[in-house]
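The lines below spell out each chain.
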Amino acid sequence: MSTSALIVQSGLADHLRKSRWPARLDLLQSGTGLILALFMWGHMFFVASILLGETAMWTVTRMFEGYFFFGGARPRLVSCVAAGVLLLFVLHALLALRKFPANYRQYRVLRAHVRAMRHEDSALWIWQVYTGFALFFLASAHLYQMLVWPQNIGPYASADRVWSDGLWPFYLLMLLAVEAHGGIGLYRLAMKWNWPRFSRNFLKKLKWGLTGFFLILGLMTLGAYMKIGFEHQARYGERYRPAELPAWLERLAPEGDFPRRGPKENAS
Amino acid sequence: MSAEKTPNPSRRVTLNILRYNPQEAESEPRLQRYALEEADGMTLFIALNELREHQDPTLQFDFVCRAGICGSCAMMVNGRPRLACRTLVADLPSETTLTPLPFFELIGDLSVNTGKWMRGMSERLETWLHARETEPDLGRIEERMQPETAEAIYELDRCIECGCCVAACGTAQMRPDFVGAVGLGKIVRFRADPRDTRDDDDYFELIGDDTGVFGCMSLLACHDVCPKSLPLKTQIAFLRRKMALIA
């Protein structure tokens, strides 16, 4: 056992030179939160590609599977991204736990305090605790699913999962939790480090605006998958395949997968 | 042109005051109702004195300066910390609840011992000037300082140690060893002072953990309730950045 560990065990930690770890953990918590929140917003846009049509969503999915770069789909690439995000998520959750009320006494006093104070930013943090707690389960389950079954992403596969597999309430809850948590988190991050240096009022309005935008986008997207899933339930399990691709995309697709349209004949 | 707020002279206000005397074994915390006539320009401090003088001489609360300088009369007004001497009754609803500042040692009713905690915090964070000489020469003329530096230090030194920031802080309610915005603000003040010889490594030893700057969860209630409108949000963020660089 190291000398410092023995000193800490002896209750003399305050007499040691201060550890740098609290600073590193604070930076890590902010950093992982920032990456996860930005990832979440990017992810929302990719998932929402279904609003542009089934082929658009299929193209986005195939792009992340490396279909247009490696001569065929490699769903394991999605698994790798899911594993990375899961790792970040676990690390972020572990770091955020340090700030949670640690026992009933702390929870009780905090809740009474926030209720009596009627202070918006304190209440926002309480909501972050609640939504963060919900995400321990919701986001973990979702990320595990993406890690293990990355091939089941696509216009029909995702829609079947949402509707026929009955996961739409799960996605609805996760959407509400993740948008609230990420939006509040980014606002609080800006307050915590005082960067970017816009006014607090502006940042709060921006935060509510973005949360509203992503919630509407998310609800529309979920609705679209539910509709496709409902219409596709008789053909559950069938995968989407576009009949044809735009010419520019077709050129990127692996040889033979889509019939090539020959170059336009030279008029001369 | 905005009209001056004119109090309704006939308005009767009710003050629900938390009564509890920790010195008496049989005392139990309870709310006691008091009603009084609102007067022109009446502050909460005046109202409380009126109550003590004419209705209940046992009512305990603190005050010294009556002008928002000493910070003694801080209390929770409808759940939020405020200075009684700076709170106009005309700005309050007809029924108001007064409770003592949480976190600090309760003396009785609305009276708390902020001084004891402030002194402990000051000793812990060494909030005094650490000059080069251990034995200062009192006859020597003080070193010159740029006016803007002096101004910045003065601005950081406006804290009256009323305890409002700590009473408003969710972190402090959960973790009593947290030094609060008042403690962190004092470190910023001495860090800005060129006469202080300490560097960021020294300050890290004082506040570089979860009882210090990394314990702050940026709930910003301290910033929002400070009766002196100190820019606590900016000060704490500044200190966090400086201390994070040490890691």
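Below: a short report on this structure. (Residues numbered from 1 in each chain as written. Chains lettered and ligands numbered in written order. Predicted model: local features only at pLDDT ≥ 70, side-chain atom pairs only at ≥ 80, totals over all residues. Heavy atoms only, no water.)

Some words on the packing of helix α6 (residues 180–191) of chain B against helix α9 (residues 232–246) of chain B
Residue and element names in this part refer to chain B.
And step 1. The geometry of α6 relative to α9 is characterised by a closest axis approach of 9 Å and an angle of 65° between their N-to-C directions. In terms of orientation, α6 lies roughly perpendicular with respect to α9. Read as a crossing pair, α6 and α9 show a hand that is left-handed. Facing α6, whose interface residues are A181, L184, G185, I187, V188 and R191, α9 presents L232, Q235, I236, F238, L239 and K242.
And step 2. Looking at side-chain class alone, the contact of α6 with α9 contains eight nonpolar, two polar and two charged residues. (Axes fitted to C-alpha atoms, helices over the stretch in contact; angles between N-to-C directions. Helix = DSSP H or I, 4+ residues; strand = E, 2+ residues; numbered from the N terminus. Parallel < 35°, antiparallel > 145°, perpendicular 65-115°, else oblique. Left-handed = near helix turned anticlockwise from the far one by under 90°. Contact = heavy atoms within 4.5 Å. Nonpolar A, V, L, I, M, F, W, Y, C, P; charged D, E, K, R; others polar.)

Notes on the environment of S158 of chain A
Residue and element names in this part refer to chain A.
And step 1. Looking at the secondary structure, you find S158 in helix α7 (residues 155–162).
And step 2. For S158, a relative accessible area of 5% gives the class buried.
And step 3. With near-sequence residues (within four places) excluded, S158 lies in contact with M57, N152, I153 and Y225. (Buried < 20%, exposed > 50% of the residue type's maximum accessible area, 1.4 Å probe, protein only.)

Things to note about the side chain of R19 of chain B
Residues and elements named next belong to chain B.
And step 1. As for its placement among the helices and strands, R19 is situated in strand β1 (residues 12–19).
And step 2. We classify R19 as buried; its relative accessible area is 7%.
And step 3. Among the polar contacts made by the side chain of R19, one reaches the side chain of D109 at a distance of 3.0 Å.
And step 4. Sequence-distant contacts of R19, defined by excluding residues within four places in its chain, comprise E28, P29, R30, Q32, Y34, D56, T58, L59 and D109. (Polar contact = N/O pair within 3.5 Å; in protein donor to acceptor, adjacent residues only side chain to side chain.)

Thoughts on the interface of chain B and chain A
And step 1. Contacts between the two partners involve 38 residues from chain B, matched on the other side by 34 residues from chain A.
And step 2. Between chain B and chain A the total buried area reaches about 3,200 Å² when both faces are included, carbon and sulfur atoms providing 53% of it.
And step 3. Per-residue buried area on chain B facing chain A is highest for M174, E205 and L219 of chain B; these three make up 19% of the total on that side.
And step 4. Here chain B is connected to chain A by seven salt bridges.
And step 5. Where chain B meets chain A, there are 20 residue pairs in polar contact (both at pLDDT 80 or more).
And step 6. Residue assignment for the side of chain B that touches chain A shows that the elements contributing at least two residues are β4 (80–83), α4 (164–168), α5 (170–174), α7 (200–207), α8 (221–225) and α9 of chain B. (Buried area = accessible area lost by both parts, 1.4 Å probe. Salt bridge = Lys/Arg side-chain N within 4 Å of Asp/Glu carboxyl O.)

Examining the state of the cysteines
Residues and elements named next belong to chain B.
And step 1. On inspection of all chains with the given rule, the structure shows zero disulfides over all chains.
And step 2. Distance from the sulfur of C73, which forms no disulfide, to the nearest cysteine sulfur (C85) is 3.6 Å.
And step 3. We classify C73 as buried; its relative accessible area is 4%. (Disulfide = S-S within 2.5 Å.)

Comments concerning unusual backbone geometry
And step 1. The step from W195 of chain A to P196 of chain A runs through a cis peptide bond, and the omega angle for that step is -5°.
And step 2. Its identity is not glycine, yet D109 of chain B carries a phi of approximately 50°, on the positive side.
And step 3. Structurally, D109 of chain B can be placed in the loop between β6 (105–108) and β7 (111–113).
And step 4. Exposure remark for D109 of chain B: the relative accessible area of 3% places this residue in the buried category.
And step 5. Its identity as a non-glycine residue notwithstanding, E161 of chain B has a phi of 55°, on the positive side.
And step 6. Its place among the elements puts E161 of chain B in the loop between α3 (147–156) and α4.

A few points about the nonpolar core
And step 1. Counting 68 residues, the largest nonpolar core has I17, L48, L98 and I207 of chain B as its most contacted members.
And step 2. Per-element accounting of this core gives the leading share, six residues, to α6 of chain B.
And step 3. In this view, L48 of chain B contacts I17, L59, F61, M75, A84, L98 and L110 of chain B; residues no more than four positions away in its chain are not counted.
And step 4. One finds L36, M146, M174 and A253 of chain A within the second-largest nonpolar core, a separate group that totals 32 residues. (Core = buried A, V, L, I, M, F, W, Y, C linked by side-chain atoms within 4.5 Å.)

Description of the packing of aromatic side chains
And step 1. Tallied over the entire structure, the rule returns 25 aromatic pairs over all chains.
And step 2. An angle of 70° between the planes, with centres 5.4 Å apart, marks the rings of F45 of chain A and F214 of chain A as edge-to-face. With a gap of 169 residues between them, F45 of chain A in helix α2 (residues 21–47) and F214 of chain A in helix α9 (residues 200–232) connect regions that are remote in the sequence.
And step 3. Residue F45 of chain A is classed as partly exposed on the basis of its relative accessible area of 46%.
And step 4. Look at F170 of chain A and Y171 of chain A: their rings are 5.4 Å apart centre to centre, the planes differ by 80°, and that puts the pair in the edge-to-face class.
And step 5. Its relative accessible area of 18% is what places F170 of chain A among the buried residues.
And step 6. You can call Y171 of chain A buried: its relative accessible area is 13%.
And step 7. Counting every residue linked through ring pairs, the aromatic cluster contains W41, F45, F213 and F214 of chain A.
And step 8. Its end group placed over the ring of F204 of chain B, R20 of chain A keeps NZ or CZ at 4.3 Å from the ring centre.
And step 9. The ring of Y67 of chain A is capped by R62 of chain A, whose NZ or CZ atom sits 6.0 Å from the centre of that ring. (Phe/Tyr/Trp six-rings, centres within 6.5 Å; stacked < 30°, edge-to-face > 60°. Lys NZ or Arg CZ within 6 Å of the ring centre and 35° of its normal.)

Structural notes on the packing of helix α4 (residues 76–97) of chain A against helix α6 (residues 120–148) of chain A
Residues and elements named next belong to chain A.
And step 1. Where α4 contacts α6, the axes come no closer than 8 Å and their chain directions differ by 160°. Classed by the angle they form, the pair α4 and α6 counts as roughly antiparallel. The crossing of α4 and α6 is left-handed. Along the contact surface, α4 presents R76, S79, A82, A83, V85, L86, F89, A93 and L97, while α6 presents L135, F136, A139, S140, L143, M146, L147 and V148.
And step 2. Of the residues contributing to the contact of α4 with α6, the split by class is 14 nonpolar, two polar and one charged.

It is worth stressing that arrangement in space is one thing and function is another; only the former is reported here.
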